[in-house]
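This is what each chain is made of:
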Amino acid sequence: MAKDKREIKKVRMAEEFRDCPVCGYADGFHNMFRKTDDKGSLKWYLICPQCSSIFDIGLGAAKG
C-alpha cells in the first residue's frame, strides 16, 4: 500500500475544530489513522472531505 505523501498540517485546538481552514468546508472531518512505529502505536488525524487536507490537532498516539 502506498503511503500518503500529503503534508500534515498541525492545528492548535481552540474551543472547536469543525471548519476546514484550507477550503472552508463546514461540516466536520473524516478520520485517518497511521502507525507511528513498529510497536503498533497509532496517530489520529482528521481529513477534510472536500479538499482532502490532513490535520493534526494533537489526538495522541494509542496502542493499536
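In this text the structure is predicted, and so the values were computed from the model without any measurement. (Residues numbered from 1 in each chain as written. Predicted model: local features only at pLDDT ≥ 70, side-chain atom pairs only at ≥ 80, totals over all residues. Heavy atoms only, no water.)

Got a minute to help me understand the overall build of the protein in this structure?
For the protein, the helix and strand inventory stands at zero helices and five strands. Sequence-ordered secondary structure for the protein, helices as α and strands as β, is β-β-β-β-β. Counting over 64 residues, the protein shows a buried share of 27%. The contacts of the protein with a sequence gap of at least 6 include a subset with a gap of at least 24, amounting to 37%. For the protein, the accessible surface area stands at approximately 4900 Å², while carbon and sulfur atoms represent 50% of it. (Helix = DSSP H or I, 4+ residues; strand = E, 2+ residues; numbered from the N terminus. Buried < 20%, exposed > 50% of the residue type's maximum accessible area, 1.4 Å probe, protein only. Contact = heavy atoms within 4.5 Å. Areas by Shrake-Rupley, 256 points an atom, 1.4 Å probe, with all protein chains shown as cover.)

Looking at this model, I keep getting lost on unusual backbone geometry. Mind explaining?
Note: most peptide bonds trans; most residues except glycine with negative phi. Despite not being glycine, Ser52 has its phi angle at roughly 70 degrees, a positive value. Within the secondary structure, Ser52 is located in the loop between β3 (41–47) and β4 (54–56). Judged by its relative accessible area of 32%, Ser52 falls in the partly exposed class.

Before we go on, may I ask you to explain the packing of aromatic side chains in this structure?
Here the distance between the centres and the angle between the planes together describe a pair of aromatic rings. Inspection of the entire model under this criterion finds four aromatic pairs. These aromatic residues form a ring-pair network of at least three members: Phe17, Phe29 and Phe55. (Phe/Tyr/Trp six-rings, centres within 6.5 Å; stacked < 30°, edge-to-face > 60°.)

Explain the pattern of salt bridges here, please?
Pairs can form between side chains of opposite charge once their charged atoms are near each other. A full pass over the atoms with the stated rule returns three salt bridges. Across the pair Asp27 and Arg18 runs a salt bridge whose closest N-O atoms are separated by 3.9 Å. Asp27 gets classed as exposed once you look at its relative accessible area, which sits at 57%. For the salt bridge of Lys43 with Asp56, the shortest nitrogen-to-oxygen distance reads 3.5 Å. Taken as a pair, Lys43 in strand β3 and Asp56 in strand β4 lie far apart in primary sequence, 13 residues in all. Taken individually, Lys43 and Asp56 each receive the classification buried, so the pair is uniform in this respect. Sharing partners across several salt bridges, the network here consists of Lys10, Lys43 and Asp56. (Salt bridge = Lys/Arg side-chain N within 4 Å of Asp/Glu carboxyl O.)

What is shown is where atoms sit, not what they do.
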